Amino acid sequence: MAAAASSSSSEDALRRALAAGGADVEAAVDALKALKVEAGAAARRLQAAVGSGGGAAREEMRQAVVNTLERKLFYIPSFKIYRGVAGLYDYGPPGCAVKANVLSFWRQHFVLEENMLEVDCPCVTPEIVLKASGHVEKFTDLMVKDEKTGTCYRADHLLKDYCKEKVEKDLTLSPEKAAEFKHVLAVLDDLSADELGAKIKEYGIVAPDTKNQLSDPYPFNLMFQTSIGPTGLSVGYMRPETAQGIFVNFKDLYYYNGQKLPFAAAQIGQAFRNEISPRQGLLRVREFTLAEIEHFVDPEDKSHPKFADVADLEFLMFPRELQLSGESAKSVKLGEAVSKGTVNNETLGYFIGRVYLFLTRLGIDKTRLRFRQHLPNEMAHYAADCWDAEIECSYGWIECVGIADRSAYDLRAHSEKSGVPLVAHEKFSKPREVEKLVIVPSKKDLGLAFKGNQKMVVEALEAMSEKEAMDMKAALESKGETNFQVCTLGKDVVITKKMVSISMEKKVEHQRVFTPSVIEPSFGIGRIIYCLFEHSFYTRPSKSEEEQLNVFRFPPIVAPIKCTVFPLVKNQEFDNAAKVIDKALTTAGISHIIDTTAISIGRRYARTDEIGVPFAVTVDSATSVTIRERDSKEQIRVDIDEVASVVKQLTEGQSTWADVSAKYPSHVGPQGDQE
């Protein structure tokens, strides 16, 4: 409170001085200095508080980061002069550069290294495509309404916020009640609409703004609907994901790839979701960039030839058993997780490992990254296994990448709806007699029994494995009926003998025709970037220790600008040398800026540290210059004609700062870091 009061008085002094005009310029400067001192003290308190992990510390940390990001124009609310629209943001120049660098590294790490086929499909998608994929029927979140004002809220967010606040702030909470709230948070995504509504009523949760009663939760479809063409008769949607464009092009991509499996297709593009209550800045928005991979593989062979490259990686994993028992994530070797069956197969495991390497090389803190396995009710009935790469930030653990074995569902769904077989072939050297599983649901009998739920039951029956189907056949023959779990309904149903026919038929085949399975890593680029902002942000004192200086420790591969060029003083000789360096950096393709302003060199360093520029070139002679590294603030002396090659080696990862420090003389000059 004392700090807040002090800051307020300094702000008032600044306003009075500015309002008084030119006569009080000195008073304005004094007031501004006072504000900086108070900001420095607040930042020092922030660093200490964040280490303790409290909710207030997280809020203060977030505010410091967001204020810097918006002030330096990394991103800002869209349509700001019209008071903005929730869930829409614009990237400014440094934000655009960071995003472009992240996507460039994504292409290098995945598309180029894995020889993927990249496509670019339209954002507007015909309704029939999204009906086949299930989005029209099922792409929903559970919503509640303020019963008096009609304001809408996401039901799970209200319950999550209530439980988190109780755990973090209620000092009177008993250990039993705290354990209950923590369990609710652990299984939140596993709750059905009825269970969610029951918890909201049990805890007396009301509308946050008005304290009015809330309606029961009900599903709300998140897609933006539009019409294609002037008649309005052709319904379309803004795509909620990029994956469907790849699935519908599978046949052409398969032939383009020489009819060989496995292969992967990739796409980067915009996606749209009409979020019920957007919040958390870039983490939950209505338009965002996705980078998705669809890796098509033989369902009978999900091994991966390069799995050994990632098998020894060890990182935090959070399988469903630990979640349901209320335990924390544990460090596990990836090879061990696959061999024990925790991760379903090698190809899924390989991509989990590659995602881990991608995120940590971007600059994500490995101690604040975990891979969480989906709980049973989170997974679609057809999915073999699903994991999320979750990154911890001031908002908690945030899902940033989903890695799922979606089985053959998507290609089968589009084959059935379009009438075009989306299949692969394996030719035999000799004809083979094979037994084929044939499952024929009786849609008439299932319709009479399950009415509106018939489709979900049919899909679940058709998706059975051979073992599940034969077990059901045995149970039906002995008992006449059996219980069958339909995950999309969240319950067991009773299947009778007349509802489904299951048999094994012998056939002679010259080739095997099958629908490939797909392993899908899906990256939320905005979420990754925001978490990177938080993980890269820190403060350090100026030389006078009167204020704290903001720094983003971006790795060179994602830094918005790779280096800056500063003539130490304003004279023709240094300006000419700066022009030579400018031309060499441009020719080498290195993004840079030249700063010839009259402020001190230390201030110029601080200004570029605040946008994460990793290297600064200071021109202090006509023949050689110094290169400064942002985080250590160390400097080396380099001849002018070597500057571009040294910076290029550093920014492209060919050399480390330790390498060049050993090669070139260090420099401690009179200009120093007067920050």
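Residues numbered from 1 in each chain as written. Predicted model: local features only at pLDDT ≥ 70, side-chain atom pairs only at ≥ 80, totals over all residues. Heavy atoms only, no water.

**So, the packing of helix α4 (residues 93-112) against helix α19 (residues 525-536)**
With their axes 11 Å apart at the nearest point, α4 and α19 run at an angle of 115° to one another. The angle between the axes of α4 and α19 places the two elements in the roughly perpendicular class. Considering the relative orientation of α4 and α19, their crossing is right-handed. Residue-level contacts link V98, K99, V102 and L103 of α4 to I525, I529 and F533 of α19. Its residues assigned to classes, the contact of α4 with α19 comprises 6 nonpolar, no polar and 1 charged. (Axes fitted to C-alpha atoms, helices over the stretch in contact; angles between N-to-C directions. Helix = DSSP H or I, 4+ residues; strand = E, 2+ residues; numbered from the N terminus. Parallel < 35°, antiparallel > 145°, perpendicular 65-115°, else oblique. Left-handed = near helix turned anticlockwise from the far one by under 90°. Contact = heavy atoms within 4.5 Å. Nonpolar A, V, L, I, M, F, W, Y, C, P; charged D, E, K, R; others polar.)

**What about the side chain of E629?**
Locating E629 in the fold gives a position in strand β27 (residues 624-629). We note that E629 is buried and unpaired, the nearest opposite charge coming from R630 at a distance of 5.0 Å. Once residues within four sequence positions are removed from consideration, E629 is found in contact with P614, F615, E634 and W657. (Buried < 20%, exposed > 50% of the residue type's maximum accessible area, 1.4 Å probe, protein only. Lys, Arg positive; Asp, Glu negative; His and termini not counted. Salt bridge = Lys/Arg side-chain N within 4 Å of Asp/Glu carboxyl O.)

**Looking at the domain arrangement of the chain**
Domain parsing of the chain yields domain 1 (141-218), domain 2 (430-514) and domain 3 (561-663). One C-alpha centre belongs to domain 1, the other to domain 3; they are set 53 Å apart. (Domains from an automatic or database assignment.)

**Some remarks on the side chain of N101**
Counting through the fold element by element, N101 comes out in helix α4. Apart from the residues lying within four places of it in its own chain, the contact partners of N101 are I557, V558, A559, P560 and K562.

**Some thoughts on the sheet that holds strand β6 (residues 152-154)**
If you trace the 3 strands from one edge of the open sheet to the other, you get β6-β5-β7, paired in antiparallel fashion. Since the sheet does not close on itself, it has two edges, and those belong to β6 and β7 (218-221), each with one partner. With direction set aside, neighbouring strand axes in the sheet form an average angle of 55°. In the sheet, strand β5 (residues 140-145) pairs with β6 via 3 bridges, with the strands oriented antiparallel. In the strand pairing of β6, K145 is matched with C152. (Pairing = 2+ DSSP bridges.)

**Considerations on the packing of aromatic side chains**
Within a pair of aromatic rings, the relevant descriptors are the distance that separates the centres and the angle that separates the planes. Under the definition given, this model contains 29 aromatic pairs. Judged by centre distance (5.6 Å) and plane angle (85°), the rings of Y75 and Y89 are edge-to-face. With Y75 in strand β1 (residues 75-77) and Y89 in strand β2 (residues 89-91), the pair connects residues that are 14 residues apart, well separated along the chain. Residue class for Y89 comes out partly exposed when judged on its relative accessible area of 28%. Geometrically, the ring pair formed by F315 and F371 is tilted, given 5.0 Å between the ring centres and 50° between the ring planes. (Phe/Tyr/Trp six-rings, centres within 6.5 Å; stacked < 30°, edge-to-face > 60°.)

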